[in-house]
Amino acid sequence: MSASVATDMSNLRFDTVLIANRGEIAVRIQRACHELGLRTVMICSEADKSAEYGHTAEHFLCIGPSPAAKSYLNQDAILLAAKLTGAGAIHPGYGFLSEKASFADAIARAGLVFVGPPASAIATMGDKIAAKRAMIAAGVPCVPGPDQALPDSRDVVEQTAREIGYPVIIKAAGGGGGRGMRVVSGPEHLHEAVALTRAEAHQAFGSAELYMEKFLQHPRHIEIQVICDSHGNAVWLGHRDCSMQRRHQKVVEEAPAPGIAADVIDPVGQACVEACRQIGYCGVGTFEFLYEDGRFYFIEMNTRLQVEHPVTETTSSVDIVKAQISVAQGRLLEFDQAEVECKGHSIECRINAEDPDSFLPSAGTIETLSLPEGPGIRVDTHIHAGYRVSPYYDSLIAKLIVHADSRPAAIATMREALAAMQIDGISTNLPFLRALFEDEAFGRGETDIHYLEHWLTQRRLA
Amino acid sequence: MSAFSLTDPAVIAALSEALTRAGVDGLEIIGPAGHIRIVVSPLGGAEVSRSATAPENSAGTAVVKAPIAGHFRPAAIDIDGEAHEVAEGENLGFIAIGPILVPLIAPQAGLLRRQLVDPEALVGFGMPLFELQKTP
């Protein structure tokens, strides 16, 4: 169904985009729409009714109460808002409904355009086993382990773990975001781990399907950004390192990933592009990999715009959001792979409204705000002095992005930008980020996905 | 029993569909969170009315808010110059969403003092539409 909608050119034209999101990404998408000459409709919950960014939209419509389940996650209310305002397309941003295949499907059935891939592609990539199977078929390197669900047979489970080699990780097929997974160091804990994870998976994701993979001990988190049009053209826009994570949430991202040679990563990027062609992908997407000892292992594909897309934008000089909307309109990609040239180094810090030590969310009113400016500095945000940070949503209030000729120069620029940034009235993670950018190992690029947790533990003990 | 929201379009759509399928003419639910009335039309489709139990201030003035996003269509009540007396349950107008009209029902008897939005304006969920002062 979705594929036929996606190839029907008459359905792909629109002049008004409803932005089904909030905060900095709503502002970012609105900017791209306006630069493309498109009108915008912003929606909001009651908590966001006074957001200034709504006033630059053609319509700013409150669709429900403050809890996200009754507003930003309410598919019916969003579709009604699109009908009421004459929007021809819906951009989901990231989070909320952005990777909900049923939402993409409902939008297509309503005769509107979902600014994202077909529902079928979202569904395939949302199922970890189906995704892994598709990646293996396209030649994308995957984590050792079978591309099928774990059976109930204890003997087969034991044999699978032996063949992969301990430690292994048991994962829910429908899981994500660090939930529904368990590491098993040896055979004595295997069956208990499988039983617990299966019960959790059933409860949290509605499916008890599990799979098993090799557990990598000190990997880095590397991403490859792709964009594809509906005419079979696909390119990759370079790579990112998002290893600096706390509780599976990214804190600092950079492009390119330091210390990975082109001849190592180029074949992986090309395989990602080939995978996109094979699954009929359209729109932007991110292939996420673990990287250890010079080898890449596919973990999942995010079928949406990423929070960290600006680091790729600044190195590749491609406006990813504008390109995403353009291909959703049915246009050809305006560049091919040979024209993609990544230059310099970019780093993004997520500025969160949270206590810098306990990381508990901090709601309240921003009393004074001073944003850094200068060459190579970009701030994506929706906040201003007097803005009230709501307790209802994610604590991300701004993204600070720098770009320079080299990684050391980018780190130096980020240090200056972090020092110049001032947000009073609420707590933010700025003090924590300032300290992190003084860390020597981070400066040398000697980190993995566990590094930040260890660094925080050491800091608490000191 | 789990609670459901009378302001949720999905709940309203599900209730309307269930009533139509069951051949039931209508349904009215009154609860602490609000009031919903669904009347199934013999021609197909349903007319839905809902009113939030608007909080009163110390002067006994309640604000009637939009229960859903849509176009505001006030009833032909002349409140220019002086307040107009309305009865509890009286229709104050509609929120129009395409062919669906969601009636706006007075949550209490009182004096309709002010209409706060222009006719045909696109209103969002929770937007104040009328000021209604309770009669002694």
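Model, not experiment: these values are computed from the prediction. (Residues numbered from 1 in each chain as written. Chains lettered and ligands numbered in written order. Predicted model: local features only at pLDDT ≥ 70, side-chain atom pairs only at ≥ 80, totals over all residues. Heavy atoms only, no water.)

Caption draft 1: Examining the overall build of chain A more closely. Looking only at helices and strands, chain A features 15 helices and 20 strands. Relative to the globule expectation of 23 Å for 462 residues, the C-alpha radius of gyration of chain A, 22 Å, shows essentially globular dimensions. Going through the 462 residues of chain A one by one, you find that 57% of them count as buried. In chain A, the proportion of contacts linking residues at least 24 apart, taken out of those at least 6 apart, comes to 66%. Approximately 18,400 Å² of chain A is accessible, and the part contributed by carbon and sulfur atoms is 49%. Looking at chain A, you have 41 positive and 58 negative side-chain charges, and the mean spots of the two groups are 3 Å apart. (Helix = DSSP H or I, 4+ residues; strand = E, 2+ residues; numbered from the N terminus. Rg over C-alpha atoms; globule rule 2.2 N^0.38 Å. Buried < 20%, exposed > 50% of the residue type's maximum accessible area, 1.4 Å probe, protein only. Contact = heavy atoms within 4.5 Å. Areas by Shrake-Rupley, 256 points an atom, 1.4 Å probe, with all protein chains shown as cover. Lys, Arg positive; Asp, Glu negative; His and termini not counted. Charge placed at Lys NZ, Arg CZ, Asp CG, Glu CD.)

Caption draft 2: Inspection of the packing of aromatic side chains at higher detail. Residues and elements named next belong to chain A. A complete count under the given rule lists 13 aromatic pairs over all chains for this structure. Consider the rings of Phe-289 and Phe-296, whose centres lie 5.8 Å apart with planes at 85°: the pair is edge-to-face. By relative accessible area, which is 0% here, Phe-289 ends up buried. With a relative accessible area of 5%, Phe-296 lands in the buried category. (Phe/Tyr/Trp six-rings, centres within 6.5 Å; stacked < 30°, edge-to-face > 60°.)

Caption draft 3: Representation of the pattern of salt bridges. All names here are of chain A. Overall, the coordinates contain 31 salt bridges over all chains when judged by the stated rule. Taking the shortest distance from any N to any O, the salt bridge between Glu-300 and Lys-128 comes out at 3.4 Å. Pair noted here: Glu-300 is in strand S13 (residues 295–302) and Lys-128 is in helix H6 (residues 128–138), with a separation of 172 residues, a long-range link. Both residues of the pair, Glu-300 and Lys-128, count as buried. (Salt bridge = Lys/Arg side-chain N within 4 Å of Asp/Glu carboxyl O.)

Caption draft 4: Looking closely at the interface of chain A and chain B. Counting residues at the interface gives 15 residues for chain A, matched by 17 residues for chain B. Note on chain A versus chain B: buried area summed over both sides is about 1,100 Å², and carbon and sulfur give 71% of it. On the surface where chain A and chain B come into contact, there are zero salt bridges. Applying the counting criterion to the chain A and chain B interface returns one residue pair in polar contact (both at pLDDT 80 or more). For the side of chain A that touches chain B, the secondary-structure elements that each account for two or more residues are strand S3 (59–64) and helix H3 (75–85) of chain A. Of the residues in the side of chain A that touches chain B, the class split is seven nonpolar, four polar and four charged. (Buried area = accessible area lost by both parts, 1.4 Å probe. Polar contact = N/O pair within 3.5 Å; in protein donor to acceptor, adjacent residues only side chain to side chain. Nonpolar A, V, L, I, M, F, W, Y, C, P; charged D, E, K, R; others polar.)

Caption draft 5: Up close: the pairing of strand S19 (residues 396–404) of chain A. Residues and elements named next belong to chain A. Burial runs high along S19: eight of the nine residues are buried. Where strand S17 (residues 377–381) lies against S19, five bridges are found, and the strand directions are antiparallel. Counted as the bridge partner of Thr-381 is Ala-398 from S19. (Pairing = 2+ DSSP bridges.)

Caption draft 6: Broad picture of the side chain of Ser-316 of chain A. All names here are of chain A. Along the chain, Ser-316 turns up in helix H10 (residues 309–316). Here Ser-316 falls in the buried class, since its relative accessible area comes to 6%. The contact partners of Ser-316, leaving out residues within four places of it in the chain, are Leu-237, Glu-341 and Cys-342.

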